[in-house]
Amino acid sequence: MSHSTQQPQYDPQQPPGAGPYAPAPQQLRGGLGTAALVLGIIGTISGLIPFFFWLAGILGLIALILGLSGRGRVKRGEAANKGVTTTGAILGLVALILSIVGAVITFKAVGDAVDEINKATSGTTASKAPAAGKADKGKGDTADKPKSDDKAKAADTLAAGDTSIYDDDLKVTVSAPKDFTPSEFAAGHTKGHKAYVVTVVIENAGKEKFDAALLTAEARAGKDGVKSEQIFDEGVGDGFNGKILPGKKATVKYAFDAPADATILTVEVSPGISYDASQWELKL
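Model, not experiment: these values are computed from the prediction. (Residues numbered from 1 in each chain as written. Predicted model: local features only at pLDDT ≥ 70, side-chain atom pairs only at ≥ 80, totals over all residues. Heavy atoms only, no water.)

**Q** In this structure, what is going on with the pairing of strand β5 (residues 170-174)? I would like to understand it.
**A** Both faces of the sheet carry side chains from a regular strand, because those side chains alternate between them. By the alternation rule, side chains of β5 split into L170, V172 and V174, which are all buried, and K171 and T173, of which none is buried. Pairing of strand β4 (residues 163-166) with β5, which is carried by three bridges, proceeds in the antiparallel orientation. The partner of I165 across the bridge, within β5, is K171. Following β4, the chain reverses through three residues before pairing antiparallel with β5; D169 in that reversal takes a positive phi of roughly 70°. (Buried < 20%, exposed > 50% of the residue type's maximum accessible area, 1.4 Å probe, protein only. Helix = DSSP H or I, 4+ residues; strand = E, 2+ residues; numbered from the N terminus. Pairing = 2+ DSSP bridges.)

**Q** Any chance you could explain the sheet that holds strand β3 (residues 157-158) here in plain terms?
**A** Overall, mixed pairing links the five strands, which are arranged β3-β15-β14-β9-β10 in an open sheet. The open sheet terminates on both sides in strands that have one partner only, identified here as β3 and β10 (226-228). In this structure, strand β9 (residues 216-221) lies alongside β10, joined through three bridges in antiparallel fashion. Pairing of R220 across the sheet is with K227, part of β10.

**Q** Would you take a moment to explain the pattern of salt bridges for this structure?
**A** Pairs can form between side chains of opposite charge once their charged atoms are near each other. Enumeration according to the criterion identifies three salt bridges in this entry. With a closest N to O distance of 3.4 Å, E78 and R76 form a salt bridge. When its relative accessible area of 16% is taken as the criterion, E78 is described as buried. Residue classification places R76 among the exposed residues on the basis of a relative accessible area of 55%. D112 is the salt-bridge partner of K108, the closest N and O atoms lying 3.2 Å from each other. (Salt bridge = Lys/Arg side-chain N within 4 Å of Asp/Glu carboxyl O.)

**Q** When you look at unusual backbone geometry in this model, what are you seeing that I'm missing?
**A** For residues other than glycine, phi is negative in most cases, and the peptide bonds are mostly trans. For F51, which is not a glycine, the phi torsion comes out positive at approximately 70°. A relative accessible area of 58% places F51 in the exposed class. A positive phi angle is found at D169, which is not glycine, with a value near 70°. Within the secondary structure, D169 sits in the loop between β4 and β5.

**Q** Whenever I open this one, helix α2 (residues 53-75) confuses me. Can you help?
**A** The periodicity of an α-helix, 3.6 residues per turn, causes residues three or four positions apart to be oriented the same way. Given a rise of 1.5 Å per residue, 23 residues ought to cover 33 Å, and the 33 Å separating the end C-alpha atoms of α2 matches this to within 8%. Where α2 is concerned, the buried positions are F53, A56, G57, L59, G60, A63, G67, G70, G72, R73 and V74. Residue G77 follows α2 closely and has a positive phi angle near 80°. (Expected span 1.5 Å × (residues − 1).)

**Q** Explanation requested: the nonpolar core in the structure shown.
**A** Soluble globular proteins tend to pack their nonpolar side chains together in the buried interior. Of all hydrophobic cores here, the largest spans 30 residues; its most connected members are I202, F240, Y254 and V269. Listing elements by their share of this core, those giving two or more residues are β5, β7 (194-204), β9, β13 (249-258), β14 (264-270) and β15 (278-283). Per-element accounting of this core gives the leading share, five residues, to β13. Ranked by size, the runner-up nonpolar core spans six residues in total, among them F180, V197, V236 and A255. (Core = buried A, V, L, I, M, F, W, Y, C linked by side-chain atoms within 4.5 Å.)

**Q** Explain the environment of K249 here, please?
**A** Locating K249 in the fold gives a position in strand β13. The exposure class assigned to K249 is exposed, which follows from its relative accessible area of 58%. In the structure, K249 is positioned 77 residues away from V172 in sequence and 9.8 Å away in space, judged by C-alpha atoms. Apart from the residues within four sequence positions on either side, K249 is in contact with V201, I202, E203 and I244. (Contact = heavy atoms within 4.5 Å.)

**Q** Would you explain the environment of I62 in this entry?
**A** Looking at where I62 falls in the secondary structure, it is placed in helix α2. Placed 31 residues apart in sequence, I62 and L93 show a C-alpha to C-alpha distance of 9.8 Å.

**Q** Would you take a moment to explain the packing of aromatic side chains for this structure?
**A** Any aromatic ring pair is given by two values, namely how distant the centres are and how the planes are angled relative to each other. Throughout the structure, instances matching the rule amount to six aromatic pairs. Taking 5.2 Å as the distance between ring centres and 90° as the angle between the ring planes, the aromatic pair formed by Y166 and Y275 counts as edge-to-face. With Y166 in strand β4 and Y275 in the loop between β14 and β15, this residue pair connects regions lying 109 residues apart in the sequence. Between Y254 and F256, the aromatic rings sit 6.4 Å apart at their centres with planes inclined by 15°, giving stacked as the arrangement. The buried category is assigned to F256, whose relative accessible area is 1%. By way of ring pairs, the aromatic residues Y166, F210 and Y275 are connected into one cluster. (Phe/Tyr/Trp six-rings, centres within 6.5 Å; stacked < 30°, edge-to-face > 60°.)

Read these as spatial facts, not as claims about activity.
Right, dumping it as structure tokens:
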């Protein structure tokens, strides 16, 4: 009994010594590098957009991890996209840095905004300094150095020549009223009433510029506190404008209309929306 064996056919393209079924070549995997590159690009762009620092941080971290993992595959010969994985890892690191910078800038901006809101809502308090040569009765205060327990809240009333000193070293002084004769072109004067002019001096003893454009001055006349109209005439009523530099002063005259029988003129000056208003009770 004979047995026949079939010899494998010779394949001239098959290398010598190789079996009839050679193993398939290993497939290269470059998905990690590609993903790292895409996420790194998106993360970097997000880091340049305000308030998107959180997205840049997440995508940057993922891109960095994927990029480093992809480089590991390249070193093991499992991938060939070394440039893509390297770029993805670098962009991931850039996105992380941008996210940190964006977070610092955002939190600082929010903190500054909160401080400004608190300053605007709380108001800047003032202390009282008596007029030159006049001591506050019972306390012995000097004109230049008011005592700390003599803090003047907004409702405290000052006299003519007294100075209201605010926390930022802004000083406001109102003079005693003087008779004023309005011209025929004056606005705000009622026939039969009397007109008075007061001088308001702003001294910036602080370290920052003071915007005087927001300062307002109002008045009430008599014991009943009837609103006293401001008179606009030549030399009065223009108000403050511009900025007052540290160490400088600005002076403006305000004229007010009051009933003929009024004996008191209460002048209220507010340096701005973030300041408490101060009041001067002036004898007519």
